[in-house]
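Residue strings, one per chain:
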Amino acid sequence: IWKQIGTSCQNLPQAHWIIQAFNYAVQMAAPAMVFKSEAIVHPDEVKKYISFEECPLSYNPQLMALLWNSLATREVKMLSNAMSRGFAIPSDCEWVNYVRSHDDIGWAFSDEDIVHGGFDPHQHRKFLTQFYTGQIEGSFARGQPFQIDPVTGDGRVSGTTASLAGLEKALYEQDEEEVDLAVRRILLIHGIIVTISGIPLLYLGDELACENDYGYQDVPEKQGDSRWLHRFGFEWERAKLRNDSTTPIGRVYQGLMRLVQIRLQNMAFHRGATEIINTGNDHVFGFFRNQESQSVLILGNFTEREQSLSARHLRQLGLRRTVVDQVAGRTVTAAQEMILEPYQLMVLARNV
């Protein structure tokens, strides 16, 4: 927005002045218009663009990157710590939360958050790029690299959510257990963006578990830009399977519809505040959505193994009686150890 010799040309004061000036102009010419920030910079700098005077809406690239990080590492320490410190924004503004967009996935979290997670910043970003491009043994992902730095190895990743979450690989190998885990991963990370504060954004094709389209490599004007891997026309034939629960397409579509229904039916999701919590388990992410009449606890297991939360820790979180998991439709007794299935998302609602 503003360039100046001798600087990085990012986040300069003049950039903020210009956005503020734009706001005053549209308040006169188009008062229903609002600005949305797409600042893919250090998380602390992203928040500087978020205000009623500049951008009342903002993409949340940090949450997006941290969700993929948690799937790769099976740990939520970085996710919990970063969201505890940086998720809160002014009450008249909202995050736009997403799993992926039309662009590549970059590792938009701070070095400080990586160190807190127990990793080396450079090596960890390199690991994530290699993991999601299938270069790490045991990786479930099938993405492609985007703009890899040949000197440092830093880079970003392209691919659909389904392919990055393991569905493409599992279907190719005809491994039904891995297909099930891939569907669970897709619904888990979408469940987080649907239930956490903000506006959830679903990227076209993700609701149908669309896989990578490698046909772009045969089109001269698209060759060399791996983002076309996930930029394709709507798959109308695939959409016909969305109500068939025996297919991964139907499971993902119906699972997403269920998550949207849960969001609409609970008052706590209607501008209720988000409180990130320590679940007592480094593999389980958790947060409350609190509203005057209702409180909802969301828990997500980011591993392919069962995880447990102790009854003592549940009592410390304020769960002292029977609650209903609105995703599974099952009653959960908080007075005893709670078991989360692989990649399970729980939505536990209680009236205040």
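Residues numbered from 1 in each chain as written. Predicted model: local features only at pLDDT ≥ 70, side-chain atom pairs only at ≥ 80, totals over all residues. Heavy atoms only, no water.

## Brief notes about the overall build of the protein chain
- Each helix and strand in the protein chain was counted, giving 12 helices and 14 strands.
- What you see for the protein chain is a C-alpha radius of gyration of 21 Å, in line with the 20 Å of a compact globule of 352 residues.
- Referenced to the eigenvectors of the C-alpha coordinate spread, the extents of the protein chain come out at roughly 60 × 50 × 45 Å.
- When contacts within the protein chain are restricted to residue pairs at least 6 apart in sequence, those whose partners lie at least 24 apart make up 63%.
- Of the side chains in the protein chain, 33 bear a positive and 42 a negative charge, and the two mean positions are spaced by 5 Å. (Helix = DSSP H or I, 4+ residues; strand = E, 2+ residues; numbered from the N terminus. Rg over C-alpha atoms; globule rule 2.2 N^0.38 Å. Contact = heavy atoms within 4.5 Å. Lys, Arg positive; Asp, Glu negative; His and termini not counted. Charge placed at Lys NZ, Arg CZ, Asp CG, Glu CD.)

## Details of the pattern of salt bridges
- Under the counting rule described, the total for this entry stands at 17 salt bridges.
- As a salt-bridge pair, E304 and R74 come within 2.8 Å of each other at their nearest N and O atoms. On the criterion of sequence distance, the pair formed by E304 in the loop between β9 (294-301) and β10 (307-309) and R74 in the loop between α3 (61-73) and α4 (77-86) is long-range, its members being 230 residues apart.
- Overall, the relative accessible area of 26% leaves E304 in the partly exposed class.
- Look at R74 and you get buried, because its relative accessible area is 17%.
- Between R231 and D103 there is a salt bridge, with the nearest N and O atoms lying 2.8 Å from each other. Of this pair, R231 sits in the loop between β6 (199-201) and α10 (236-239) while D103 sits in the loop between β3 (94-98) and α5 (111-116), and the two are 128 residues apart along the sequence.
- Overall, D103 belongs to the buried group, its relative accessible area being 19%.
- Residues joined by salt bridges that share partners form a network here, namely D180, R184, R251, R330 and E341. (Salt bridge = Lys/Arg side-chain N within 4 Å of Asp/Glu carboxyl O. Buried < 20%, exposed > 50% of the residue type's maximum accessible area, 1.4 Å probe, protein only.)

## Considering the environment of V252
- Considering the arrangement of structural elements, one finds V252 in helix α11 (residues 248-265).
- Each residue touching V252, except ones within four places of it in the same chain, is listed here: V183, I186, L187, D206, E207 and A209.

## Some words on the side chain of S197
- The topology assignment puts S197 in the loop between α9 (176-195) and β6.
- Ignoring sequence-local partners within four residues, the contact set of S197 consists of F87, E94, W95, N97, G272, A273, T274 and R289.

## What to know about the nonpolar core
- W68, L71, M83, W107, Y132, F285 and F302 are the most contacted members of the largest nonpolar core, which totals 74 residues.
- Considering each element in turn, this core owes the most residues, 11 residues, to α9.
- W107 has contacts with A65, W68, R125, L128, T129, Y132, G155 and V157, leaving out every residue within four places of it along the chain. (Core = buried A, V, L, I, M, F, W, Y, C linked by side-chain atoms within 4.5 Å.)

## Thoughts on the sheet that holds strand β2 (residues 57-59)
- On the basis of which strands lie adjacent, the open sheet formed by four strands has the order β1-β2-β3-β6 and parallel pairing. The strands lining the two open edges of the sheet, one partner per strand, are β1 (36-37) and β6.
- Bridge count for β3 against β6 is three bridges, and the pairing is parallel. Looking across to β6, one finds that Y98 is bridged to L201. (Pairing = 2+ DSSP bridges.)

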